[in-house]
Amino acid sequence: MSTGVVVRLEPKTYYNYIGGQWVEAVSGERYATTNPADTSQTIGSFQRSNRDDIRRAIQAAADAQPAWRRTPAPRRAEILFRTWDLLRARADEYASYITLETGKVFADAKGEVKRGTNVLEFAAGDGRRLKGETVPSELPKNFIYTVRRPVGVAGLITPWNFPLAIPLWKLAPALVCGNTVVMKPATNTPLCAIKLAELFAEAGLPGSVFNVVSGPGGVVGDELVNSPDVRAISFTGSTDVGRRLYAQAAQSLKRVQCEMGGKNAVVVLEDAPLDLAVEAILQGAYGFCGQRCTATSRVIVDRKVKKALVDRLLERVKAMRVGDPFASDTQMGPLASESQIEKVTEYIEIGKSEGAKLQVGGVRPSGAPYEKGYYITPAVFTDVRPEMRLAQDEIFGPVLAVMECDGMEDAIRMVDTSTYGFKASVYTGDFFKIMHFIDEVDVGMVHVNAPTLGGEVQAPFGGIKGSGVGIKEQGRAQVEFFTEEIVVYMDYTGAKRDARFI
Ligand code: UN1
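Note that the structure is a prediction, hence the values are computed from the model and not measured.

What counts and how
- Along each chain, the written sequence defines residue order, and numbers are assigned to residues from 1.
- Only residues with pLDDT of 70 or above have their local features reported here, since the model is predicted, and side-chain atom pairs are shown and tallied only from 80 upward, although totals for entire chains, interfaces and linings are computed over all residues.
- With hydrogens and water stripped out, all remaining heavy atoms of the structure feed into the side-chain values.
- Should DSSP find at least two bridges between two strands, the strands are taken to pair.
- Labels follow the DSSP assignment, with helices taken as runs of H or I lasting at least four residues and strands as runs of E lasting at least two, numbered in each case from the N terminus.
- Note on contacts: a residue pair qualifies if any of its non-hydrogen atoms lie within 4.5 Å across the two residues.
- Angular values range over 0 to 180 degrees, each being the angle between N-to-C directions of two axes fitted as lines to C-alpha atoms, with helices fitted over their stretch in contact.
- Per-residue accessibility, obtained with a 1.4 Å probe over protein chains only, is compared with the maximum for each type, and a residue is labelled buried under 20%, exposed over 50%, and partly exposed between these values.
- Assignment of crossover handedness uses the view with strands pointing away from the viewer, where a clockwise path from the first strand over the helix to the second indicates a right-handed crossover.
- One speaks of a salt bridge when a side-chain nitrogen belonging to Lys or Arg is within 4 Å of a carboxyl oxygen belonging to Asp or Glu.
- Like-charged residues within 9 Å of one another, or nonpolar side chains (Val, Leu, Ile, Met, Phe, Trp, Tyr) within 5 Å, are grouped into patches, provided each residue has over 30% relative accessible area and no salt bridge.
- To be clear on the numbers: accessible area is Shrake-Rupley with a 1.4 Å probe, and residue cover counts the displayed protein chains and nothing else.
- Helix span, expected: 1.5 Å multiplied by one less than the number of residues in the helix.
- Each angle receives one of four descriptions, namely roughly parallel if under 35 degrees, roughly antiparallel if over 145, roughly perpendicular if within 65 to 115, and oblique otherwise.
- For any helix crossing, the convention is left-handed if the near helix is rotated counterclockwise from the far helix by under a right angle, and right-handed if that rotation is clockwise.
- Polarity classes work like this: nonpolar for Ala, Val, Leu, Ile, Met, Phe, Trp, Tyr, Cys and Pro, charged for Asp, Glu, Lys and Arg, and polar for all others, with Gly in that last group.
- Near residues are defined by distance, with any heavy atom within 4 Å of the molecule or strand qualifying the residue.
- N or O atoms within 3.5 Å of each other form a polar contact, as long as, within protein, one can give a hydrogen and the other can take it, and as long as residues adjacent in sequence are counted only when both atoms are side-chain atoms.
- Buried Ala, Val, Leu, Ile, Met, Phe, Trp, Tyr and Cys residues that are joined via side-chain atoms within 4.5 Å together make up what is termed a nonpolar core.

Colleague: Where do I start with the sheet that holds strand β4 (residues 30-35) in this structure?
Modeller: One key point about sheets: their strands pair by backbone hydrogen bonds, in either a parallel or an antiparallel sense. Read across the sheet, 3 strands follow the order β1-β5-β4 without closing on themselves; strand pairing throughout is mixed. Strands at the two margins of the open sheet, each flanked by one partner only, are β1 (12-13) and β4. Two elements, β4 and strand β5 (residues 38-47), share 6 bridges in a ladder whose sense is antiparallel. When the sheet's bridge partners are listed, N35 is paired in β5 with D38. Packed onto the sheet, helix α6 (residues 190-202) meets β4 and β5 and runs at close to 50 degrees relative to β5.

Colleague: Please explain the pairing of strand β14 (residues 296-302) as it appears in this structure.
Modeller: Consecutive residues of a regular strand have side chains that alternate between opposite faces of the sheet. In terms of burial, β14 is a largely internal element, 7 of the 7 residues being buried. In the sheet, strand β13 (residues 264-268) pairs with β14 via 5 bridges, with the strands oriented parallel. The partner of N264 across the bridge, within β14, is T296. What joins β13 to β14 is helix α9 (residues 274-286), and the crossover it makes is right-handed. Sheet analysis places β14 next to strand β17 (residues 399-405), joined by 5 bridges and oriented parallel. What sits directly across from I300, in β17, is M403.

Colleague: Would you explain the sheet that holds β17 in this entry?
Modeller: Strand order in the open sheet formed by 7 strands is β15-β16-β17-β14-β13-β19-β20, and the pairing between neighbours is mixed. Two strands bound the open sheet, and with one partner strand each, they are β15 (357-360) and β20 (445-448). Along the sheet, successive strands turn relative to each other by an average axial angle of 25 degrees, direction set aside. Contacts from helix α11 (residues 338-354) reach β15, β16 (379-382) and β17 within the one sheet, and its direction differs from that of β16 by about 20 degrees.

Colleague: For this particular structure, what's the right way to read the pattern of salt bridges?
Modeller: Close approach of charged atoms allows side chains with opposite charge to pair. Enumeration according to the criterion identifies 28 salt bridges in this entry. In this structure, K352 and E349 form a salt bridge, with 3.3 Å as the shortest nitrogen-oxygen distance. With K352 and E349 both in helix α11 and 3 residues apart, the pair spans about one turn of that helix. We classify K352 as partly exposed; its relative accessible area is 41%. Among the charged side chains, a salt-bridge network with shared partners connects R303, K306, E404 and D406.

Colleague: Which parts of the structure should I look at to understand the pairing of β13?
Modeller: Burial analysis of β13 places 5 of its 5 residues in the buried class, the great majority of the element. Across 4 bridges, β13 lies against strand β19 (residues 423-427) in parallel orientation. Within the sheet, the bridge partner assigned to A265 lies in β19 and is A424.

Colleague: Would you take a moment to explain a nonpolar patch on the surface for this structure?
Modeller: Residues F431, F432, M435, I438, V446 and V448 make up a contiguous nonpolar surface patch of roughly 550 Å² in combined accessible area. Secondary structure elements with two or more residues in the nonpolar patch: α14 (431-440) and β20. Among the elements that line the nonpolar patch, the one with the most residues is α14, at 4 residues. With respect to the helices and strands, V448 occurs in strand β20. On the basis of relative accessibility, which here comes to 32%, the residue V448 falls in the partly exposed class.

Colleague: How should α11 be read in this particular structure?
Modeller: Helical periodicity: at 3.6 residues per turn, an α-helix aligns residues three or four positions apart in one direction. When the terminal C-alpha atoms of α11 are compared, their 24 Å separation across 17 residues agrees well with the 24 Å that a helix rising 1.5 Å per residue should span. Buried residues along α11 sit against β15, β16, α12 (389-392) and β17. G355 lies just past α11 and shows a positive phi near 100 degrees.

Colleague: Sorry, what's going on with unusual backbone geometry here?
Modeller: With an omega dihedral of 0 degrees, the bond running from A368 to P369 counts as a cis peptide bond. Relative to the helices and strands, P369 is located in the loop between β15 and β16. A positive phi angle is found at F396, which is not glycine, with a value near 60 degrees. Residue placement: F396 occurs in the loop between α12 and β17. The buried category is assigned to F396, whose relative accessible area is 14%.

Colleague: Just to check I follow, could you spell out the packing of helix α2 (residues 73-89) against helix α4 (residues 106-126) for this structure?
Modeller: Geometry of a packed helix pair, given as the angle between the helix axes and the separation of the axes. As a packed pair, α2 and α4 sit with axes 8 Å apart at the nearest point and diverge in direction by 160 degrees. By the angle between their directions, the pair α2 and α4 is classed as roughly antiparallel. For the pair α2 and α4, the sense of crossing is left-handed. In contact with A77, L80, F81, T83, W84, L87 and R88 of α2, α4 contributes V113, G116, T117, L120, E121, A123, A124 and G125. Residues that form the contact of α2 with α4 fall into these classes: 9 nonpolar, 4 polar and 2 charged.

Colleague: Can you help me understand the site of the ligand in this one?
Modeller: Residues in contact with the ligand, as listed here, are R115, N161, F162, I166, W169, T236, E259, R292, C293, T294, G454 and F461. Between the ligand and R115 there is a distance of 2.6 Å, counted from an oxygen atom to a side-chain nitrogen or oxygen. The side chain of R292 places a nitrogen or oxygen atom 2.9 Å from an oxygen atom of the ligand. Coverage of the ligand by the protein amounts to 98% of the 320 Å² it exposes when considered alone. Within the shell around the ligand, the residues separate by chemical class into 5 nonpolar, 4 polar and 3 charged.

Colleague: When you look at the nonpolar core in this model, what are you seeing that I'm missing?
Modeller: What tends to happen in soluble globular proteins is that the nonpolar side chains get buried as a cluster. Core analysis: the largest hydrophobic core is formed by 67 residues, its most contacted members being L80, L164, L175, V181, F200 and F210. Considering every element that reaches this core, the biggest residue donor is helix α5 (residues 165-176), with 9 residues. With residues near it in sequence (within four places) discarded, F200 still touches L80, T83, L120, L168, L171, L175, L205 and F210. By size, the runner-up hydrophobic cluster in this structure holds 65 residues, among which are A265, L269, V384 and V402.

The structure is reproduced here in structure tokens:
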């Protein structure tokens, strides 16, 4: 059944947004993107930018800095509130762009838009909360205080899996804090970023404050990271790219925030409410085909309840409806790209060859509507051991690795064998075990009796170890990242002061 809210795109040419103008790439080159649910459908033709384009965008953002940073923060926030209003009014339209570009099920795309409006609302509130602090002095008549200043030009490098919400949750705090921005969206999802630029322009954001440049990550991203005029980089993507980018950015002493991969586990202890655990695992492992850094890719279950859990899980996975992401009864759409389907199929083979048992899924279905898109059925492997690649590598697809543990200590040890440290969730009713788990497990975010997914914008968001480096995103952390704290000492003795501190 179709939801009937599809935006029919006339495949047309989209441009970079630089200095408030829609402009062609200097090279004149373009590339096309297609709908992952039906690759015969072109979404649009986009600018294949290179170094020259990104340099122009950085220059535009730098030129816009003085006026934007002097605009009072509550005035900057008004523009976010207006954008919030516009986005809420066009939620279905923007959700359609997300579904078209990524293959995300439409209901989830609407959830992403909602996440985006939450982000705008929260960041706009920061316009009236950009506070410094006053600090007591050990000297008489001496006043110490801090103020928050924008960092300068911020470079935002955003992924394809949340093409609207992630750009927004970097952009909104960057702007309200007074930074000007150059954004490089993922190569295969530039449409949502361009549509965001349209929205902000309509809300009255001065043109050069937010610039968008589409094109290949290597060239365009590198220039952004290497430019001495860019003072902050906020990146979401793979750990490999993040590691490289972090080292590169150090050359020009930029501040960097990298939000990277995950290998998140749901731990199911012997007394766990199994039905709830199964629901959480299904959502976490197969929501948006597992293509979220918060996805559940491991289940670590106490051997006493393993059979009961796996039986329930398999029954549900077998009944999952894979299909058109715009149809209201679809639970899982296609993967987002050709490289995704290649990677996931490769891991199905790796899992089998490592000796794990593929219980269900991992098959590319045939016939309509499947043959035109990147479809694969949801997979469950059991008998996975912690040292297998299936248990260690981030697959970023609908492939779940079920492992057996012997009580809670063993479960914690297994969670921590990962080089990633994003999220872990524990299912148990035992208060003491819950508290111990929270104390011991090595991840950036813990969920208790809840899925590994998601986060609320007013709380900090991010992982540790191979999952995240730098100040976390969202929550109060977003202002910390996008501002410099300047410290002021004011002497009002009117007399000579010995600068030596006692
Ligand atoms: C979510 O799962 O709710 O790239 C958001 C990612 C994360 C965002 C996940 N940075 O998947």
